[in-house]
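Below, each chain spelled out in residue letters.
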Amino acid sequence: MKKDIFILGIETSCDDTSISIVKNGTEILSNVVWNQNKTHEKFGGIVPELGARKHLQVINFVLEEAVRDAEISLQEISAIAVNNQKGLIRSLVVGVSAAKALSMSLNIPLISVHHIEGHIYSNILSHPEIKFPHLCLTVSGGHNLLVLINNHFNYEIIGNTLDDAAGEAFDKVARYLDLGFPGGPVIDKISKAGNSKQINFPRPMLDQDNFDFSFSGLKTEATRIYSKLKDSPEFKVEDFSASFQQAVVDTLIGKSVKALKKYNLNTISVVGGVSANSKLRDEFERYSKQYNFKVYFPDIKLTTDNAAMIASVGYFKFLNQDFSDLNLEVFTNNPL
Ligand code: KG4
Ligand code: ZN
């Protein structure tokens, strides 16, 4: 009988300290996420120094809980997978140091994972039946890509963000409207009571013949329109949010559908924090029926940063014996 592979994943790129144990690449035994929203919300965004200190404070407790939840012992772990390739440097250092300590003390391999690769695999984890090749839209606070996934670890980036990612635009507009942090989930919630046709926001770069994104102009336009309208008696924040959200969703879907057509693909995987957005999910489902393609979203818990997605990548790298040594470094933004 084949021996089970247990990968312990570590993710500390930004404001979530997460450790997870995944069996054979797709069975999540534990996935503990310690979120720092409370630490950062009063500043309206992430404060890197505070984030790194928080990771350091909680990482051992997160580890203990992840091992306890998984109901296995550390001695049974096959390898340690860690995101060392995208994020805030001081935050990554905490996760990578923990990973090195575990790899050394347990005498098991260390595996390097790119954060965006983790998001891509969050859907392979949720839907192991996804076939290659497929298109992947990654849409988070820190990245917004269209990637052809030809096979395991065979990626071709066909579109990138020229400035702000969609999640960043959600966060910045929400901060301008004083709606709290992170902004995406709040805008998603209040938009349900709004009219998305009330304000006609631009759909940036949708008419251009490329697959790049640019949400900075839309964000600036949103803040300009808000300043102009906010004191009017007819102004409703629900309508404003719903209209802004619709512009983001139309742009993401418009570009994706064009890319599916151009590359003759019939499957798209949508991942990252913004893939939790209810309007994006509903509209993608609607378009998938109209244009006859399959769309996959990760389980909601796997849309935002988590270590299960890192452990899942770790499993497939383990099968390839793709290991790192203790010289492993950290990078703010390594190319995928
Ligand atoms: O993937 P993630 O946790 O971190 C990065 O890799 O950046 O994504 C966080 C982003 C934030 O910008 C947050 O506002 C956004 O995902 N987000 C959402 C929703 N939930 C999280 N945006 C729109 N609608 C949501 N429901
Ligand atoms: Zn992320």
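Numbering of residues starts from 1 in each chain and follows the order in which that chain's sequence is written. Lettering of chains starts at A and numbering of ligands starts at 1, both following the order in which they are written. Note on the predicted model: pLDDT of at least 70 is required for a residue's local features to be given, and 80 or more for side-chain atom pairs to be given and counted; whole-chain, interface and lining totals, by contrast, use all residues. The side-chain quantities take in all heavy atoms of the structure and omit both hydrogens and water.

**Student:** Summarise the overall build of the protein chain; cite the residues concerned and give the values.
**Tutor:** Helix and strand definitions follow DSSP, with helices as H or I runs of at least four residues and strands as E runs of at least two, each counted in order from the N terminus. A count of helices and strands for the protein chain gives 10 helices and 10 strands. Here the protein chain has a C-alpha radius of gyration of 20 Å; the compact-globule value for 336 residues is 20 Å, and the two agree. For the protein chain, the C-alpha atoms occupy an extent of roughly 65 × 45 × 30 Å along the three principal directions. Note on contacts: a residue pair qualifies if any of its non-hydrogen atoms lie within 4.5 Å across the two residues. For the protein chain, the share of sequence-separated contacts (at least 6 apart) that also reach a separation of at least 24 residues comes to 73%. The average position of the 34 basic charges and that of the 38 acidic charges among the side chains of the protein chain differ by 3 Å. A radius of gyration in this sense is built from C-alpha atoms; the matching globule rule multiplies 2.2 Å by the number of residues raised to 0.38. When charges are tallied, Lys and Arg are placed among the positive residues and Asp and Glu among the negative ones, while His and the ends of the chain are skipped. Where a charge lies is defined by one atom per residue type: Lys uses NZ, Arg uses CZ, Asp uses CG and Glu uses CD.

**Student:** Which residues make up helix α10 (residues 308-319), and what are the values?
**Tutor:** An expected span of 1.5 Å times one less than the residue number is assigned to each helix. Spanning 12 residues, α10 covers 17 Å between terminal C-alpha atoms, matching the ideal 16 Å at 1.5 Å per step. Of all 12 residues in α10, 11 are buried; the element is thus mostly enclosed. Between buried and exposed lies partly exposed: a residue is buried under 20% and exposed over 50% of the maximum accessible area for its type, with that area taken using a 1.4 Å probe on protein chains only. Along α10, the positions that sit buried rather than exposed are Ala 308, Met 309, Ile 310, Ala 311, Ser 312, Val 313, Gly 314, Tyr 315, Phe 316, Lys 317 and Phe 318. As for α10, its buried residues are in contact with β1 (6-11), β2 (16-23), β3 (27-35), β4 (79-83), β5 (110-113) and α4 (115-126). Once α10 ends, the next one or two residues include Gln 321, with phi positive near 55 degrees.

**Student:** Describe in detail the coordination of the zinc ion (ligand 2), supporting the description with residues and values.
**Tutor:** Coordinating donors are taken to be N, O and S atoms lying within 2.8 Å of the metal, or within 3.2 Å when the metal is Na, K or Ca; because water is excluded from the atom set, some sites may appear incomplete. Those donors, His 115 (NE2), His 119 (NE2) and Asp 305 (OD), are the protein atoms that reach the zinc ion (ligand 2), and they lie 2.0 to 2.1 Å from it. Around the zinc ion (ligand 2), the four donor atoms sit at angles spanning 94 to 133 degrees, and that spread fits a shape best called tetrahedral. Sequence spacing of the donors to the zinc ion (ligand 2): H-x3-H-x185-D. Of this pair, His 115 sits in helix α4 while Asp 305 sits in the loop between β10 (294-296) and α10; the two residues are 190 residues apart in sequence, bridging distant segments of the chain. Each member of the pair His 115 and Asp 305 is classed as buried. Geometry assignment treats four donors as tetrahedral when all angles are between 85 and 135 degrees, treats four as square planar and six as octahedral when opposite donors are over 155 degrees apart and all others between 65 and 115, and treats everything else as irregular.

**Student:** Requested: an account of the sheet that holds strand β6 (residues 134-139), with residues and values cited.
**Tutor:** The five strands lie next to each other as β8-β7-β6-β9-β10, forming an open sheet whose pairing is mixed. The sheet is open, and its two edges are formed by β8 (154-159) and β10, each paired on a single side. Between one strand axis and the next, the sheet turns by 25 degrees as a mean value, whatever way the strands run. Strand pairing follows a simple DSSP-based rule, namely that at least 2 bridges must link the two strands. Helix axes are fitted to C-alpha atoms over the stretch in contact, other axes to C-alpha atoms as well, and angles between N-to-C directions run from 0 to 180 degrees.

**Student:** Go over the domain arrangement of the protein chain with me, naming the residues and quoting the values.
**Tutor:** Split into domains, the protein chain comes out as domain 1 (6-120 + 303-319) and domain 2 (132-297). Domain start and stop points were drawn from an automatic or database domain assignment. Taking only C-alpha atoms into account, the centre of domain 1 sits 27 Å from that of domain 2. Counting residues at the interface gives 18 residues for domain 1, matched by 19 residues for domain 2. Joining two parts hides part of their accessible area as seen by a 1.4 Å probe, and the buried area is that hidden amount summed over both. In terms of surface lost to domain 2, no three residues of domain 1 exceed His 119, Ile 120 and Thr 303, which account for 38% of the buried area on that side. Definition used for salt bridges: Asp or Glu carboxyl oxygen within 4 Å of a side-chain nitrogen of Lys or Arg. For the pair domain 1 and domain 2, the number of links is zero salt bridges. The set of elements that each furnish at least two residues to the side of domain 1 that touches domain 2 consists of α4 and α10. Residue contributions to the side of domain 1 that touches domain 2 peak at five residues, all from α4.

**Student:** An account of the pairing of β1 is requested, with residue identities and associated values reported.
**Tutor:** With six of six residues buried, β1 lies mostly within the body of the structure. Residues of β1 alternate between two faces, with Phe 6, Leu 8 and Ile 10 on one and Ile 7, Gly 9 and Glu 11 on the opposite face, all of them buried. In this structure, β1 lies alongside β2, joined through six bridges in antiparallel fashion. Looking at β2, one finds that Ile 10 is bridged to Ile 19. As consecutive antiparallel partners, β1 and β2 are separated by four residues. Relative to β4, β1 runs parallel, the two sharing four bridges. From the neighbouring strand, Ile 10 faces β4, where its bridge partner is Val 82.

**Student:** Account for the sheet that holds β2, with residues named and values stated.
**Tutor:** With mixed pairing, five strands are arranged side by side in an open sheet as β3-β2-β1-β4-β5. Two strands close off the open sheet at either side, each with one partner strand: β3 and β5. Neighbour to neighbour, the strand axes of the sheet diverge by 15 degrees on average, direction disregarded.

**Student:** Mind laying out the environment of Asn 160, listing which residues take part and the relevant values?
**Tutor:** Among the secondary structure elements, Asn 160 is positioned in the loop between β8 and α5 (166-176). Distance in space between the C-alpha atoms of Asn 160 and Phe 211 is 7.1 Å, their sequence separation being 51 residues. If sequence neighbours within four positions are ignored, Asn 160 has contacts with Asn 144, Leu 145, Phe 211, Asp 212 and Phe 213.

**Student:** So what's going on with the pairing of β8? Residues and values would help.
**Tutor:** Examined bridge by bridge, strand β7 (residues 144-151) and β8 share five bridges and lie antiparallel to one another. Residue pairing in the sheet places Leu 148 in a bridge with Glu 156 of β8.

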